[in-house]
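# Chain and residue survey
Chain residues, written in single-letter form:
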Amino acid sequence: CVITDLRKDFVDNYIFETVKANGIYESRYLLGTSIARPCISKEMIRIAEAEGAQFIAHGATGKGNDQVRFEMCAQALSPKIRAIVPWR
(Lines give C-alpha, C1' and ligand atoms only; values in the text may rest on other atoms or scores of the structure.)
Protein backbone atom coordinates (compact mmCIF):
# COMPACT_ATOMS: atom_id res chain seq x y z
CA CYS A 1 0.00 0.00 0.00
CA VAL A 2 1.30 3.43 -0.94
CA ILE A 3 -0.13 6.60 0.54
CA THR A 4 0.97 9.88 -1.03
CA ASP A 5 0.14 13.37 0.14
CA LEU A 6 -1.12 15.02 -3.05
CA ARG A 7 -2.57 18.14 -1.44
CA LYS A 8 0.07 20.58 -2.71
CA ASP A 9 0.01 19.15 -6.24
CA PHE A 10 -3.79 19.20 -6.24
CA VAL A 11 -4.01 22.82 -5.09
CA ASP A 12 -1.17 24.14 -7.24
CA ASN A 13 -1.87 22.28 -10.46
CA TYR A 14 -5.59 21.56 -10.40
CA ILE A 15 -7.59 23.84 -8.08
CA PHE A 16 -5.77 27.06 -9.00
CA GLU A 17 -6.01 26.22 -12.71
CA THR A 18 -9.72 25.41 -12.41
CA VAL A 19 -10.43 28.65 -10.55
CA LYS A 20 -8.46 30.66 -13.13
CA ALA A 21 -10.51 29.01 -15.88
CA ASN A 22 -13.78 29.68 -14.00
CA GLY A 23 -14.41 25.93 -13.99
CA ILE A 24 -17.99 25.77 -12.83
CA TYR A 25 -20.57 23.34 -14.20
CA GLU A 26 -24.05 24.68 -14.97
CA SER A 27 -23.16 28.02 -13.34
CA ARG A 28 -23.18 26.60 -9.81
CA TYR A 29 -21.31 23.32 -9.33
CA LEU A 30 -17.63 23.39 -8.45
CA LEU A 31 -15.60 20.69 -10.16
CA GLY A 32 -13.78 19.38 -7.07
CA THR A 33 -14.43 15.70 -7.59
CA SER A 34 -13.87 15.65 -11.32
CA ILE A 35 -10.59 17.58 -11.15
CA ALA A 36 -9.28 15.28 -8.41
CA ARG A 37 -9.37 12.22 -10.67
CA PRO A 38 -6.51 13.28 -12.99
CA CYS A 39 -4.35 14.10 -9.96
CA ILE A 40 -5.02 10.67 -8.44
CA SER A 41 -4.57 8.91 -11.79
CA LYS A 42 -1.21 10.58 -12.35
CA GLU A 43 0.04 9.28 -9.01
CA MET A 44 -1.39 5.80 -9.64
CA ILE A 45 0.53 5.61 -12.91
CA ARG A 46 3.71 6.96 -11.32
CA ILE A 47 3.57 4.25 -8.66
CA ALA A 48 2.65 1.52 -11.15
CA GLU A 49 5.61 2.43 -13.35
CA ALA A 50 7.98 2.59 -10.37
CA GLU A 51 6.81 -0.87 -9.28
CA GLY A 52 6.89 -2.33 -12.78
CA ALA A 53 3.16 -3.05 -12.64
CA GLN A 54 1.14 -3.83 -15.74
CA PHE A 55 -2.24 -3.10 -14.17
CA ILE A 56 -3.94 -0.56 -11.92
CA ALA A 57 -7.34 -0.77 -10.26
CA HIS A 58 -9.89 1.70 -8.96
CA GLY A 59 -13.10 1.38 -7.03
CA ALA A 60 -15.26 3.79 -9.03
CA THR A 61 -18.72 2.47 -9.76
CA GLY A 62 -20.31 2.44 -13.17
CA LYS A 63 -22.97 4.97 -12.12
CA GLY A 64 -20.99 8.14 -12.69
CA ASN A 65 -18.17 9.56 -14.75
CA ASP A 66 -15.39 8.74 -12.30
CA GLN A 67 -14.71 5.39 -13.92
CA VAL A 68 -14.22 7.09 -17.29
CA ARG A 69 -12.06 9.81 -15.74
CA PHE A 70 -9.73 7.33 -14.05
CA GLU A 71 -9.40 5.09 -17.08
CA MET A 72 -8.95 7.82 -19.70
CA CYS A 73 -6.36 9.65 -17.59
CA ALA A 74 -4.44 6.43 -16.99
CA GLN A 75 -4.58 5.47 -20.65
CA ALA A 76 -3.33 8.90 -21.71
CA LEU A 77 -0.45 8.80 -19.23
CA SER A 78 0.63 5.22 -19.90
CA PRO A 79 -1.11 3.23 -22.64
CA LYS A 80 0.82 0.10 -21.63
CA ILE A 81 -0.74 -0.05 -18.15
CA ARG A 82 -4.27 -1.46 -18.17
CA ALA A 83 -7.06 -0.77 -15.70
CA ILE A 84 -8.83 -3.55 -13.84
CA VAL A 85 -12.37 -2.37 -13.14
CA PRO A 86 -14.67 -3.99 -10.57
CA TRP A 87 -17.86 -3.36 -12.53
CA ARG A 88 -19.27 -1.40 -15.42
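One structure accompanies this document, and this report is about it. (Residues numbered from 1 in each chain as written. Predicted model: local features only at pLDDT ≥ 70, side-chain atom pairs only at ≥ 80, totals over all residues. Heavy atoms only, no water.)

## Some points on the pattern of salt bridges
Scanning all chains against the criterion turns up seven salt bridges. When the shortest N-O distance is used, the salt bridge between K8 and D12 registers 2.5 Å. With a gap of four residues between them, K8 and D12 both fall in helix α1 (residues 7–20), about one helical turn apart. Overall, K8 belongs to the exposed group, its relative accessible area being 61%. According to the relative accessible area criterion, D12 is partly exposed, its value standing at 28%. (Salt bridge = Lys/Arg side-chain N within 4 Å of Asp/Glu carboxyl O. Helix = DSSP H or I, 4+ residues; strand = E, 2+ residues; numbered from the N terminus. Buried < 20%, exposed > 50% of the residue type's maximum accessible area, 1.4 Å probe, protein only.)

## Looking at the packing of helix α2 (residues 32–51) against helix α3 (residues 66–77)
Packing of α2 against α3 brings their axes to within 9 Å, and their N-to-C directions diverge by 45°. Between α2 and α3, the angle falls in the class oblique. Considering the relative orientation of α2 and α3, their crossing is right-handed. Of the residues in α3, those in contact with T33, S34, R37, P38, I40, S41, K42, M44, I45 and E49 of α2 are D66, R69, F70, C73, A74 and L77. Of the residues assigned to the contact of α2 with α3, the class counts are eight nonpolar, three polar and five charged. (Axes fitted to C-alpha atoms, helices over the stretch in contact; angles between N-to-C directions. Parallel < 35°, antiparallel > 145°, perpendicular 65-115°, else oblique. Left-handed = near helix turned anticlockwise from the far one by under 90°. Contact = heavy atoms within 4.5 Å. Nonpolar A, V, L, I, M, F, W, Y, C, P; charged D, E, K, R; others polar.)

## Focus on unusual backbone geometry
Although it is not a glycine, E26 adopts a positive phi angle of roughly 50°. With respect to the helices and strands, the residue E26 is situated in the loop between β1 (24–25) and β2 (29–30). Although it is not a glycine, S27 adopts a positive phi angle of roughly 65°. Examined against the element boundaries, S27 turns out to sit in the loop between β1 and β2. Of the residues examined, S27 reaches a relative accessible area of 71% and is grouped as exposed.

## Some words on α2
Helical geometry: 3.6 residues make up each α-helical turn, so side chains three or four residues apart lie on a common side. A rise of 1.5 Å per residue sets the reference length of α2, with its 20 residues, at 28 Å; its end C-alpha atoms lie 29 Å apart and thus fit the reference within 8%. By the burial criterion, the buried members of α2 are S34, I35, A36, R37, C39, S41, E43, M44, I45, I47 and A48. One or two residues past the end of α2 sits G52, with phi positive at roughly 75°. (Expected span 1.5 Å × (residues − 1).)

## Considerations on the side chain of E71
The topology assignment puts E71 in helix α3. Judged by its relative accessible area of 13%, E71 falls in the buried class. A distance of 3.1 Å separates a polar atom in the side chain of E71 from a polar atom in the side chain of H58. (Polar contact = N/O pair within 3.5 Å; in protein donor to acceptor, adjacent residues only side chain to side chain.)

## A short note on the environment of W87
Along the chain, the position of W87 falls in the segment after β4 (82–84). Assessed through its relative accessible area of 45%, W87 is described here as partly exposed. When the C-alpha positions of W87 and Q54 are compared, they lie 19 Å apart, and in sequence the two are 33 residues distant. Sequence-distant contacts of W87, defined by excluding residues within four places in its chain, comprise G59, A60, T61, G62 and Q67.

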